[in-house]
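# Report on the structure
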Amino acid sequence: MNTHFMKHLECVLCKKTYPIGAYFTCPCCGEKGILDVVYDYETIKKFMTKDTLKQDDDHSMFRYRYLLPVQTDHMKDMLKIGWTPFYRAHRLETYLGLRKLFIKDESVNPSGSLKDRASAIAVLQAIDQGVNAVSCSSTGNAASSLACHAARMGIPAYIFVPKRAPIGKVNQLLLYGAHVTLVDGDYNQTYQLSKEAIEHFGWYNRNAAVNPYLVEGKKTVGYEIFEQKDLRPTDWIAVSVGDGCTIAGIYKAIYDFKKLGLIHKIPKLLGVQSEGCAPFVEAYQTQSPLKKAEEHTIADSIAVGVPRNPIKAIHAVEKTHGAWIAVPDENILEAMRLLGTHEGLCAEPASAAALAGIKEALKQGIIKPNESVVMIHTGHGLKDPVNAQKAVGSPPLCSPELNAFIKQHESLKETPHD
Ligand SMILES: *Cc1c(COP(=O)(O)O)cnc(C)c1O
Ligand SMILES: [Zn+2]
């Protein structure tokens, strides 16, 4: 492992430090003692400045190699991950009555979601450490991205998914040649089984929250947002939350870029959950510790009843003076239609939830109409065709005759879309 710019690991609970590579979680605090990678910012400052970034022609997440826990040599063989498009969303701004809305499109990553950024780190670390296989449990995207990059690099992937995982994502795993175990249980049980199997077989563990290095991959989405916005952060960044690793990663991006003197303002983080599974929102509203939640939502990627990275996620919203918000499934379906019809973007429910959250936050006065917001579009809509159909229904059937079409065309004009 290239430890050159990493100083040590630090426990989020007891603040004890450990050498890089020593543990996944704090031996004193157990699973809750998630570790955080601490970098040597003074040295990195010499290599990474506003100017070097401008001149860097690596248009992938590896332009931030000095802030990543991997060796450089294997990166060039990976598929292109990151440096995804950053759009101004004029038509949605008008619809929402919001001054500025930007969309970071993570759906164009190789496996179709933001998870590619974390899986890239997992696969590269497995190579660096000479581990012969990678593994994880997931509701879908973490697994499909791991299988994708493992296939590219020629490493077997062992994947555990709960049986409710959408068929699109399971198919994707099989197409990438992963060894898939469909678990007859919920996400928590699936996670437990994977944990035991990984320990038993000694595979590389890509379970995002307990692996301190994966957030380091996810944080690159934050760096990109800042760079693509000329290092002048927006007032808000909105993202949907399941385990809490993505929002924790964005906070780490803010922290790193502030430490390096690259940004000066701290954007507020809006953590969005589905009402059917909102442990973070509930804890925030009742000012009480996180409690296990039911998993009743169409947004499977954020249906996490027992979040694995609670401390870092809560910290991220607290430190940025952000907010937590929950949205019902109907609003998520509406947001899927809005992204499609207003911006030409196809989002899976968990991704569209972020837009539904922005709309609700505006309604509640949490986000002000004169503020600027980035929505992170975390995953492609084609991954979940069943819920896409729930959002839009089926088109009308027409007999193959012009007169029939004209008749149908006239009647359709009277019932316009959103
Ligand atoms: C994983 C995921 C999220 C949430 O990320 P967490 O790290 O679990 O909070 C949001 N959207 C999509 C599409 C995802 O796959
Ligand atoms: Zn600890």
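The structure displayed is predicted, hence computed values, not measured ones.

### Notes on the overall build of the protein
- Counting secondary structure elements, the protein contains 16 helices and 13 strands.
- In summary, the protein has a C-alpha radius of gyration of 21 Å against a globular reference of 22 Å for 418 residues, a match within 12%.
- Put simply, the protein has 418 residues, and 57% of those count as buried.
- A sequence separation of at least 24 residues applies to 71% of the contacts in the protein between residues at least 6 apart.
- With the model as given, the accessible surface of the protein reaches about 17500 Å², and the carbon-plus-sulfur share is 53%.
- If you average the places of the 47 positive and of the 45 negative side-chain charges in the protein, the two averages end up 5 Å apart.

### Digging into the side chain of S194
- Checked against the element boundaries, S194 lands in helix α7 (residues 187-201).
- Classification of S194 as buried rests on a relative accessible area of 0%.
- The residues touching S194, leaving out its near neighbours within four places in the chain, are C136, S137, F160 and N207.

### Quick look at the sheet that holds strand β6 (residues 134-137)
- Read from one edge of the open sheet, 4 strands run β8-β7-β6-β9, paired in parallel fashion. What marks the edges here is a single partner per strand, and that holds for β8 (179-183) and β9 (204-205).
- Contacting β6, β7 (157-162), β8 and β9, α7 runs over the sheet at an angle of about 155 degrees to β7.

### Topic: the environment of E93
- For E93, the location among the structural elements is in helix α3 (residues 90-96).
- Classification of E93 as buried rests on a relative accessible area of 6%.
- Each C-alpha atom, one on E93 and one on V373, is 9.8 Å from the other, the two residues being 280 residues apart in sequence.
- Excluding residues that lie within four positions of it along the chain, E93 makes contacts with R88, L98, R99, K100 and L101.

### Some thoughts on the state of the cysteines
- Taken as a whole and judged by the stated rule, the model has 0 disulfides.
- A disulfide-free cysteine, C245 has its sulfur positioned 12 Å from the sulfur of C136, the nearest such atom.
- C245 sits in the buried class, given a relative accessible area of 3%.

### Describing the side chain of D128
- By the element assignment, D128 lies in helix α4 (residues 116-129).
- Buried and without a salt bridge, D128 has K76 as its closest oppositely charged side chain, separated by 11 Å.
- Residues within four places of D128 in sequence aside, it is in contact with V70, Q71 and H74.

### Let's talk about the site of ligand 1
- Contacts to ligand 1 come from 16 residues, most closely from K115, N141, G242, T246 and T378.
- Contacts to ligand 1 include K115, whose side-chain N or O atom sits 2.8 Å from an oxygen atom.
- The contact in question runs from an oxygen atom of ligand 1 to an N or O atom on the side chain of T246, over 2.8 Å.
- When the free accessible area of ligand 1 is taken as 380 Å², the share hidden by the protein chains comes to 96%.
- With respect to the detected pockets, ligand 1 is housed in the largest cavity.
- Residues that form the shell around ligand 1 fall into these classes: 4 nonpolar, 8 polar and 4 charged.

### Side note on the packing of aromatic side chains
- Enumeration over the complete set of coordinates arrives at 16 aromatic pairs.
- When the ring of F5 is compared with that of Y66, the centres are 5.6 Å apart and the planes differ by 85 degrees; the resulting orientation is edge-to-face. Here Y66 lies in the loop between α2 (50-55) and β4 (86-88) and F5 lies in the segment before β1 (6-11), a separation of 61 residues in the sequence.
- For F5, a relative accessible area of 9% puts it in the buried group.
- For Y66, a relative accessible area of 22% gives the class partly exposed.
- Feature note: the residues Y64, Y223, F226 and F257 constitute an aromatic cluster, connected by ring pairs.
- Cation over ring: R63 sits above W83, and NZ or CZ is 4.3 Å from the ring centre.

### Things to note about the nonpolar core
- Formed by 79 residues in total, the largest nonpolar core has its most connected members in M48, I159, F226 and F257.
- Broken down by element, the residue count for this core peaks at 7 residues, all from α4.
- Ignoring sequence-local partners within four residues, the contact set of I159 consists of C136, A143, L146, L173, A178, H179, V180 and T181.
- If you look at the next biggest cluster of nonpolar residues, it comprises 37 residues, including W236, L333, A335 and I367.

### Points about the packing of α4 against helix α5 (residues 141-153)
- At their nearest, the axes of α4 and α5 sit 8 Å apart, and the two run at 45 degrees to each other. When the interaxial angle is binned, α4 and α5 end up oblique. α5 is crossed by α4, and the crossing has right-handed handedness. Residue-level inspection shows D116, S119, A122, V123 and I127 of α4 in contact with α5, the latter providing A142, S145, L146, H149, A150 and M153.
- Residue composition of the contact of α4 with α5, grouped by class: 7 nonpolar, 3 polar and 1 charged.

### Description of the sheet that holds β4
- Pairing in this open sheet of 6 strands is mixed, and the strands run β4-β5-β13-β10-β11-β12 from one edge to the other. Single-partner strands in this sheet number two, and they are β4 and β12 (323-327). The sheet shows a mean angle of 25 degrees between the axes of neighbouring strands, direction not considered.
- Across 3 bridges, the pairing between strand β10 (residues 236-240) and strand β13 (residues 372-377) is parallel. Bridge assignment links W236 to a residue of β13, and that residue is V373.
- Lying on the sheet, helix α10 (residues 245-259) is in contact with β10, β11 (268-274) and β13; it crosses β11 at an angle near 175 degrees.

How each quantity is defined
Residues numbered from 1 in each chain as written. Chains lettered and ligands numbered in written order. Predicted model: local features only at pLDDT ≥ 70, side-chain atom pairs only at ≥ 80, totals over all residues. Heavy atoms only, no water. Helix = DSSP H or I, 4+ residues; strand = E, 2+ residues; numbered from the N terminus. Rg over C-alpha atoms; globule rule 2.2 N^0.38 Å. Buried < 20%, exposed > 50% of the residue type's maximum accessible area, 1.4 Å probe, protein only. Contact = heavy atoms within 4.5 Å. Areas by Shrake-Rupley, 256 points an atom, 1.4 Å probe, with all protein chains shown as cover. Lys, Arg positive; Asp, Glu negative; His and termini not counted. Charge placed at Lys NZ, Arg CZ, Asp CG, Glu CD. Pairing = 2+ DSSP bridges. Axes fitted to C-alpha atoms, helices over the stretch in contact; angles between N-to-C directions. Disulfide = S-S within 2.5 Å. Salt bridge = Lys/Arg side-chain N within 4 Å of Asp/Glu carboxyl O. Near = heavy atom within 4 Å. Polar contact = N/O pair within 3.5 Å; in protein donor to acceptor, adjacent residues only side chain to side chain. 1 Å grid on protein atoms, 1.4 Å probe; cavity = no way out; pocket = protein on both sides within 12 Å on 5 of 7 lines; lining within 4 Å. Sits in = over half its atoms within 2 Å of the grid points. Nonpolar A, V, L, I, M, F, W, Y, C, P; charged D, E, K, R; others polar. Phe/Tyr/Trp six-rings, centres within 6.5 Å; stacked < 30°, edge-to-face > 60°. Lys NZ or Arg CZ within 6 Å of the ring centre and 35° of its normal. Core = buried A, V, L, I, M, F, W, Y, C linked by side-chain atoms within 4.5 Å. Parallel < 35°, antiparallel > 145°, perpendicular 65-115°, else oblique. Left-handed = near helix turned anticlockwise from the far one by under 90°.

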